[in-house]
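Reading the structure
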Amino acid sequence: MKVILKRFLSIIPVLLGVIVMIFIMLRIVPGDPAAILLGEHVSPDTVERLTKSMNLDQPMGVQLLSYIWNALRGDLGMSYTMKRPVTELILGAFPYTVKLSLMAAVFAWAVGLISGIIAAITQNRIPDRLFMGFSLAGVSVPVFMTSLFLQYMLAFKIRAFSLTSDGSLYSMILPAIALGWNSAGSIARMTRSSLIEVMQADYIDTARAKGLARRAVILGHALKNSMLPVITMMALQLSSMMSGAVITESIFAIPGIGRLATEAIQKRDMPLLQGTVLFTTVIVVVGNLIADLLYSVLDPRIRKEA
Amino acid sequence: MSTENVLEIRGLKSSFFTDKGEVPAVNGVDLVIPRGKIVGLVGESGCGKSMTAKSVMGLLKYPGRIVEGEILLGGKDLTKLSDRELREHCGKDISMIFQEPMTSLNPVLKVGRQVQETLLVHDKNIGKEEAKRQVIDIFKKVGIPEAEKRYSCYPHELSGGLRQRVMIAMAMVCRPALLIADEPTTALDVTIEAQILRLMKDLCRQNNMSVLIITHNLGVVAEICDDIYVMYAGKIMEHAPVFELFDHTRHPYTKGLLASIPRIGDNPEFLHTIPGVVPNMLHLPKGCAFANRCELVQERCRSQMPELVTAAPDHECRCFLALEEEDQNGTGRKGGGDR
Ligand SMILES: Nc1ncnc2c1ncn2[C@@H]1O[C@H](COP(=O)(O)OP(=O)(O)O)[C@@H](O)[C@H]1O
Ligand SMILES: [Mg+2]
């Protein structure tokens, strides 16, 4: 319990550091936000008034502190372009991102684990070669290629799916596969190598010497051990999907966090960009924490210390 | 006195088929384990001791496999059995414990469950409760204190000595006729080593069980074995009952091994070692595998592998000098024999 609490507290400095970094980076980018917001053909007077009302004339430190203070209270400021609270926009978009990432993760976990296990137990034979070839393609093809390919084949040619998503579960299948494809490949490869390594362990010989059948040895002794590193990776990938859904969301027109961020960048909507980046960072950090804790729940050697 | 043999290995050859060629890790081994006896298999590391044991248990992994020979368990040739048939004997009639108690137990399963599993595999009718009771029983027999509590421990919560006791419990729980122990004490402290050896000897006597103990340490076998096989480069070099072997050592290799056991009072700087290294199994020399390290090497040793001959009653030796030596100290030896 104490360890868990300690790990929780350890994410606070990480988050503070991230806020400061985002804040500074966004101030370094050239261009006056107020001027951009108002567009061309306005008097310098108007720009100055807006600058004041947005607190942009205050010293950086003051701006930063007030930002942090407000963020802690759940107030991430107003979006310049959409004229609505950033928090509200994010919370509105988040369910779509969650739905997409969860579906992608479930796809990646299932496909990755099953093909990894099959590859491991047929090591160096045809099924193994086949799965590993596929997974290599999985990890090396970029998301936008997979997305476009799936769109072309399944939505345009076969017309089993619609090109863009309306947010329903069914319409999310294509984008979920596109997003999960990469992860499925890396989970498969990791599952395979981990299981093969574990099968060399001494305790596998012990299990076989007891007279256990091959299947009982793999399911009862090897799998749980080989899953220790894989499960951490699976949890990490869920959080990285949530932050990495930007491209998929744009291609399939899903109104999630990723699309919010893309729009914020295009329109130089600083509060919105800050908000989305901060939010995704929190997701990733918490995701990593959960992955860490999962590992310690599963491994009795670490559990004892926790 | 029963002369029945629990296990007979006849002409066993097990090889690894590597990219560079065949590595005959076990190269024509004959070995007999009488009921109720403790037999030692001794030799430097890499000579094929573990491979011999793994051949018996069907644990050889690709690219290794049994090439020829018989492994007779009560008259049944294990090398002819299917995987499934062999599995029925493993853990029940023959069981094995390994060198590293630290890594031989599954780290994520409770030790009690791991021992219980052996029972459940081989007796489909035994209930979980009854199995647990028997596990706790065997824990007590192998000297694990607070057996009930230890049942739910994970391996990392136990000391090396306790873990090896758990391994012994696991191997003993189905009351096998033969226990194969591959360097069971090499990883343990000397005091723990003595305890474990005593335990194995007691268990063997109480249950009329046979033990094949594998070690590179002649000191270990001297303490508990009835019969000793000395192995070198995949072949048996010398075989005799323990006192015969120590009193009338015939093979130059065995002599070298004996001389390199450190004794109290020895000057550690002058500790005897056998010069040279074990030959590469991939390119074994034509003659005797020990020739290039032997102090008494002769011309014929380099061209011809000597046979394993009976040099004295119950005493076999693979050396051209074995028979000649008989003449030299033949007058001095009386008794020795079977025990
Ligand atoms: N996977 C392998 N491929 C090729 N040779 C092997 C392999 N494993 C073991 N060997 C060879 O088998 C021989 C016997 O090994 P082993 O039985 O483990 O020796 P030990 O007497 O120390 O138990 C060694 O000399 C080693 O070179
Ligand atoms: Mg060995």
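As the structure is a prediction and not an experimental result, all values here were calculated from the model.

Attention now goes to the environment of Ala207 of chain A. Within the secondary structure, Ala207 of chain A is located in helix H9 (residues 202–209). By relative accessible area, Ala207 of chain A is classed as buried at 1%.

Turning our eyes to something else, we now look at the pattern of salt bridges. Counted under the stated rule, the structure contains 19 salt bridges over all chains. Across the pair Asp205 of chain A and Lys54 of chain B runs a salt bridge, and its minimum N-O distance is 3.4 Å. Of this pair, Asp205 of chain A sits in helix H9 while Lys54 of chain B sits in helix H1 (residues 49–57), on two different chains. Its relative accessible area of 4% is what places Asp205 of chain A among the buried residues. Among the charged side chains, a network of salt bridges with common partners joins Asp205 of chain A together with Lys54 and Lys61 of chain B.

Here we take up the side chain of Lys210 of chain A. For Lys210 of chain A, the location among the structural elements is in the loop between H9 and helix H10 (214–244). Among the residues examined, Lys210 of chain A registers a relative accessible area of 3% and is labelled buried. Setting aside residues up to four positions removed in sequence, Lys210 of chain A forms contacts with His221 of chain A together with Cys90, Gly91, Gln114, Glu117, Thr118, His122 and Met170 of chain B.

A word on the interface of chain B and chain A. Counting residues at the interface gives 29 residues for chain B and 22 residues for chain A. Together, the buried faces of chain B and chain A total about 2,300 Å²; carbon and sulfur atoms form 56% of this surface. Ranking the residues of chain B by area buried against chain A places Lys61, Arg87 and Val108 of chain B at the top, with a combined share of 25%. The tally of links between chain B and chain A comes to 3 salt bridges. Residue Glu117 of chain B is joined to Lys210 of chain A by a salt bridge in which the shortest nitrogen-to-oxygen separation is 2.7 Å. The greatest single-element share of the side of chain B that touches chain A, amounting to 5 residues, is contributed by helix H3 (residues 111–122) of chain B.

Looking along a regular strand, one sees the side chains alternate between the two faces of the sheet. Residues and elements named next belong to chain B. The element strand E7 (residues 178–182) is largely enclosed, with a buried count of 5 among its 5 residues. In E7, alternate side chains face the same way, and those of Leu178, Ile180 and Asp182 on one face and Leu179 and Ala181 on the other are all buried. One ladder, built from 4 bridges, connects strand E6 (residues 94–97) with E7; its direction is parallel. Paired with Ile97 across the two strands is Ala181, which belongs to E7. Both E7 and strand E8 (residues 210–215) contribute to a ladder of 5 bridges, which runs parallel. By the bridge assignment, Leu179 is partnered in E8 with Val211. This β-α-β element, E7 to helix H7 (residues 190–207) to E8, shows right-handed connectivity.

Attention now moves to the packing of aromatic side chains. Residue and element names in this part refer to chain A. For the coordinates displayed, the defined rule picks out 8 aromatic pairs over all chains. When the ring of Phe23 is compared with that of Tyr67, the centres are 6.0 Å apart and the planes differ by 45°; the resulting orientation is tilted. One end of the pair, Phe23, is in helix H1 (residues 2–28); the other, Tyr67, is in helix H4 (residues 60–72), and 44 residues separate them in sequence. Exposure class is identical for Phe23 and Tyr67. Each is buried. Ring centres of Tyr152 and Phe156 lie 5.8 Å apart, and the angle between their planes is 25°; on these two criteria the pair is classed as stacked. Here Tyr152 pairs with Phe156, and both are found in helix H7 (residues 143–157), just 4 residues apart, close to one helical turn. Judged by its relative accessible area of 42%, Tyr152 is partly exposed.

With that out of the way, let us pick up the domain arrangement of chain A. Residue and element names in this part refer to chain A. Each assigned domain of chain A is listed here: domain 1 (2–74) and domain 2 (94–305). Taking only C-alpha atoms into account, the centre of domain 1 sits 33 Å from that of domain 2. Taken together, the contact pairs 19 residues of domain 1 with 16 residues of domain 2. Taken together, both faces of the contact between domain 1 and domain 2 bury some 1,600 Å²; the carbon and sulfur share is 77%. Broken down residue by residue, the surface that domain 1 buries against domain 2 is led by Arg7, Leu26 and Tyr67, which jointly contribute 32%. Scanning the region where domain 1 abuts domain 2 turns up 0 salt bridges. For the pair domain 1 and domain 2, the interface holds 0 residue pairs in polar contact (both at pLDDT 80 or more). Sorting the residues of the side of domain 1 that touches domain 2 by element identifies H1, helix H2 (33–38) and H4 as the ones contributing at least two each. With 13 residues, H1 is the largest single contributor of residues to the side of domain 1 that touches domain 2. Looking at the side of domain 1 that touches domain 2 residue by residue, the class counts come to 17 nonpolar, no polar and 2 charged.

Attention now moves to the sheet that holds strand E5 (residues 76–77) of chain B. All names here are of chain B. With respect to topology, 4 strands assemble into an open sheet ordered E2-E1-E4-E5, the strand pairing being antiparallel. If you trace the sheet from one side to the other, it starts and ends with strand E2 (21–34) and E5, each paired once. Across 2 bridges, strand E4 (residues 64–73) lies against E5 in antiparallel orientation. Bridge assignment links Leu72 to a residue of E5, and that residue is Asp77. Relative to strand E1 (residues 5–18), H1 is tilted by about 110°, and along the sheet it contacts E1, E2 and E4.

Quick notes on the rules
Residues numbered from 1 in each chain as written. Chains lettered and ligands numbered in written order. Predicted model: local features only at pLDDT ≥ 70, side-chain atom pairs only at ≥ 80, totals over all residues. Heavy atoms only, no water. Helix = DSSP H or I, 4+ residues; strand = E, 2+ residues; numbered from the N terminus. Buried < 20%, exposed > 50% of the residue type's maximum accessible area, 1.4 Å probe, protein only. Salt bridge = Lys/Arg side-chain N within 4 Å of Asp/Glu carboxyl O. Contact = heavy atoms within 4.5 Å. Buried area = accessible area lost by both parts, 1.4 Å probe. Pairing = 2+ DSSP bridges. Right-handed = clockwise from strand over helix to strand, strands pointing away. Phe/Tyr/Trp six-rings, centres within 6.5 Å; stacked < 30°, edge-to-face > 60°. Domains from an automatic or database assignment. Polar contact = N/O pair within 3.5 Å; in protein donor to acceptor, adjacent residues only side chain to side chain. Nonpolar A, V, L, I, M, F, W, Y, C, P; charged D, E, K, R; others polar. Axes fitted to C-alpha atoms, helices over the stretch in contact; angles between N-to-C directions.

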